[in-house]
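# Report on the structure
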Amino acid sequence: MAIHCNPLLHQFILQLADNALVLGHRISEWCGHGPVLEQDIALANIALDHIGQARMYYQLAASFEDGATEDSYPYQRDVRGFRNLLLLEMENKDFGYTLTRSFFYDQFHYLLLEAIIQSDHKALKEIASQAIKEVRYHCRYSSDWMKRLGDGTEESHQRVQKAVDAFYMYTGEFFMPSAADEYMAAEFNINIESIKEKWLENIQAVLQESTLAMPQDTWFQKGGKTGVHTEKLGFLLAELQYIQRAYPNMNW
Amino acid sequence: MENSMADKFQQKIDDDIRIEPRDWMPEAYRKTLIRQISQHAHSEIVGMLPEGNWITRAPNLRRKVALLAKVQDEAGHGLYLYSACETLGVSRDELINQLHTGKAKYSSIFNYPTITWADIGTIGWLVDGAAIMNQVPLCRCSYGPYARAMVKVCKEESFHQRQGFEILLTLSKGTEAQRQMLQDSVNRWWWPSMMMFGPNDADSPHSAQSMAWKIKRFSNDELRQRFVDMCVDQAKILNVTLPDPDLKWNEERGHYDYGPIDWDEFWNVVKGNGPCNRDRIETRVNAYEKGAWVREAASAYAEKQASKKAIQVA
């Protein structure tokens, strides 16, 4: 199928879309299982934000490709085609891991959207301007919970510190540019490397207030942006794509 | 004294004046409401599970978003209803404990499994449809906080019902496999939905008192009949057969006649022998227990913040 835009731009849009979908999917797994009713509602809300954003990006990607719809990308690609960050496919495990995953990503996501809003790409700017309102709330939600869990009880402190230590190694990839990221930096002035310092500063501030330690000497994982994922994504997609795979080419 | 209070209370009910939390009310009225409202709240919360079962597997993004939003609405309904119940002097923790220990019931319909995508549509059409029949009259219930909560609940429920019907309509216009999935689902959910109105009037001992208190406005059998009459026409649009050979129009009554309900199955599911009773409660208890450390952390943190503030003020 022919793509009517620069393929690297297309790939960049799919990076954004896949991030939103995969994280939204993970958070949606909490629905009905939250630690307290109010948080069940809040998590469902956040999952809806992410999946809603994914739809806007997939629709934009589809507008550049013959015969594609917003569902072509989530439902018809296999693991190697997905471009989401590895962190976002990590399992929920417990509320601490879930919130830590969101915390690292939300802080990055906010800065990335700011960069997109200041860039020269009109359609992406429009989506980002809408999304950033939601992401501002995501940042507040996940940072507030980092503080509650970090500076709550002995048990919650230990649990969330463990999650921070386990997930930090997946954050390096945020700032390692893919070919698509390099293209967007050169052509549209969206530079992910330039937001790294601000991100570090922001997460250090929250971790400190949460009485949590910043992991040291980390070897960072990478691969999401080139489709080399962890073993977890295949299972996520098996679930996500089940109906489309079992009953192909039907309307639902 | 007690007698004159009781007379005044009944007079208010008869005059259609709402009872509010601080008004005097007979103990039995309070207990009946706590039982009914908490059962309703629990049904919303347990009802999240069979539908939530399909959020990660919805067939496309539009359906996924709609389903997730719907299940979130159920959580919201649970929240208002627990709050309405709290105005009667019982805490949410106590109510949740009653659910987890089996002391409180929830709608038996949620003890049936959702095994295909069509079940999500059928729950919307039949289960939400039956719930609306039961719930619309509750918007005029004599107890103010419950009646007001129900206004919002009913608006959202009727949206859910249309959404469910639309899922089924899409299947009915689809392939042979989709039409089979639809018919199979209706076959499994029809009778349990009919049971949602509760026992026949003759076997429903609390009904008369609830009617006198205007908690209940119509009898179980009246509501069930309305439901049948509504569904027959809608089934035609979906091109599905309702699995009841005795279903036929009765000219004299101006209603559809329907076949006997298997009350043995109904009472067994109520008693805990349905296909999913154990699973549902286990899942709820599990979520609650696994969330304990989070709730404790939140209160410990709030206390620390409060004492920090107190020190600053001093």
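Note that the coordinates shown come from a computational prediction; the quantities given were computed from them, not determined experimentally.

### Digging into the overall build of chain A
For chain A, the helix and strand inventory stands at eleven helices and zero strands. Overall, chain A shows an N-to-C arrangement of helices and strands of α-α-α-α-α-α-α-α-α-α-α. The dimensions of chain A, computed from C-alpha atoms along their principal axes, are 55 × 40 × 30 Å. Looking at chain A as a whole, 61% of its 252 residues qualify as buried. For chain A, long-range pairs separated by at least 24 residues make up 80% of all intrachain contacts whose partners lie at least 6 apart in sequence. Within the structure as shown, chain A displays about 10,300 Å² of accessible surface, and the carbon and sulfur contribution to it stands at 49%.

### Focus: the confidence of the model for chain B
Scored by pLDDT, chain B comes out at a mean of 95, with 99% of its residues at no less than 70. Predicted complex, confidence summary: ipTM 0.97, pTM 0.96.

### Observations regarding the interface of chain B and chain A
By a widely used convention, the size of an interface equals the accessible area lost when the partners come together. Every contact between the two is made by 46 residues of chain B and, on the other side, 47 residues of chain A. Carbon and sulfur atoms supply 70% of the area buried between chain B and chain A, which totals about 4,100 Å² over both sides. The interface formed by chain B and chain A contains two salt bridges. Notably, a salt bridge pairs B:K304 with A:D151, separated by 3.1 Å at the nearest N-O pair. Where chain B touches chain A, the interface holds 14 residue pairs in polar contact (both at pLDDT 80 or more). Elements that contribute at least two residues to the side of chain B that touches chain A include exactly α2 (27-52), α3 (61-86), α6 (144-172), α7 (176-195), α11 (277-290) and α12 (292-313) of chain B. The element that contributes the greatest number of residues to the side of chain B that touches chain A is α3(B), accounting for 14 residues. Taken together, the residues of the side of chain B that touches chain A sort by class into 26 nonpolar, ten polar and ten charged.

### Re the side chain of B:T170
The topology assignment puts B:T170 in helix α6. Contacts of B:T170, omitting those with residues within four sequence positions, involve A:N251, A:W252 and B:R63.

### Some words on the nonpolar core
Grouped burial of nonpolar side chains is what soluble globular proteins tend to show. In this structure, A:F95, A:F104, A:L124, B:Y29, B:W125 and B:Y143 are the most contacted members of the largest nonpolar core, which totals 180 residues. Leaving out residues up to four positions away in the same chain, B:Y29 has contacts with B:F9, B:I13, B:I19, B:S142, B:Y143, B:W213 and B:I215.

What counts, and at which threshold
Residues numbered from 1 in each chain as written. Chains lettered and ligands numbered in written order. Predicted model: local features only at pLDDT ≥ 70, side-chain atom pairs only at ≥ 80, totals over all residues. Heavy atoms only, no water. Helix = DSSP H or I, 4+ residues; strand = E, 2+ residues; numbered from the N terminus. Buried < 20%, exposed > 50% of the residue type's maximum accessible area, 1.4 Å probe, protein only. Contact = heavy atoms within 4.5 Å. Areas by Shrake-Rupley, 256 points an atom, 1.4 Å probe, with all protein chains shown as cover. pLDDT = per-residue confidence, 0-100. Buried area = accessible area lost by both parts, 1.4 Å probe. Salt bridge = Lys/Arg side-chain N within 4 Å of Asp/Glu carboxyl O. Polar contact = N/O pair within 3.5 Å; in protein donor to acceptor, adjacent residues only side chain to side chain. Nonpolar A, V, L, I, M, F, W, Y, C, P; charged D, E, K, R; others polar. Core = buried A, V, L, I, M, F, W, Y, C linked by side-chain atoms within 4.5 Å.

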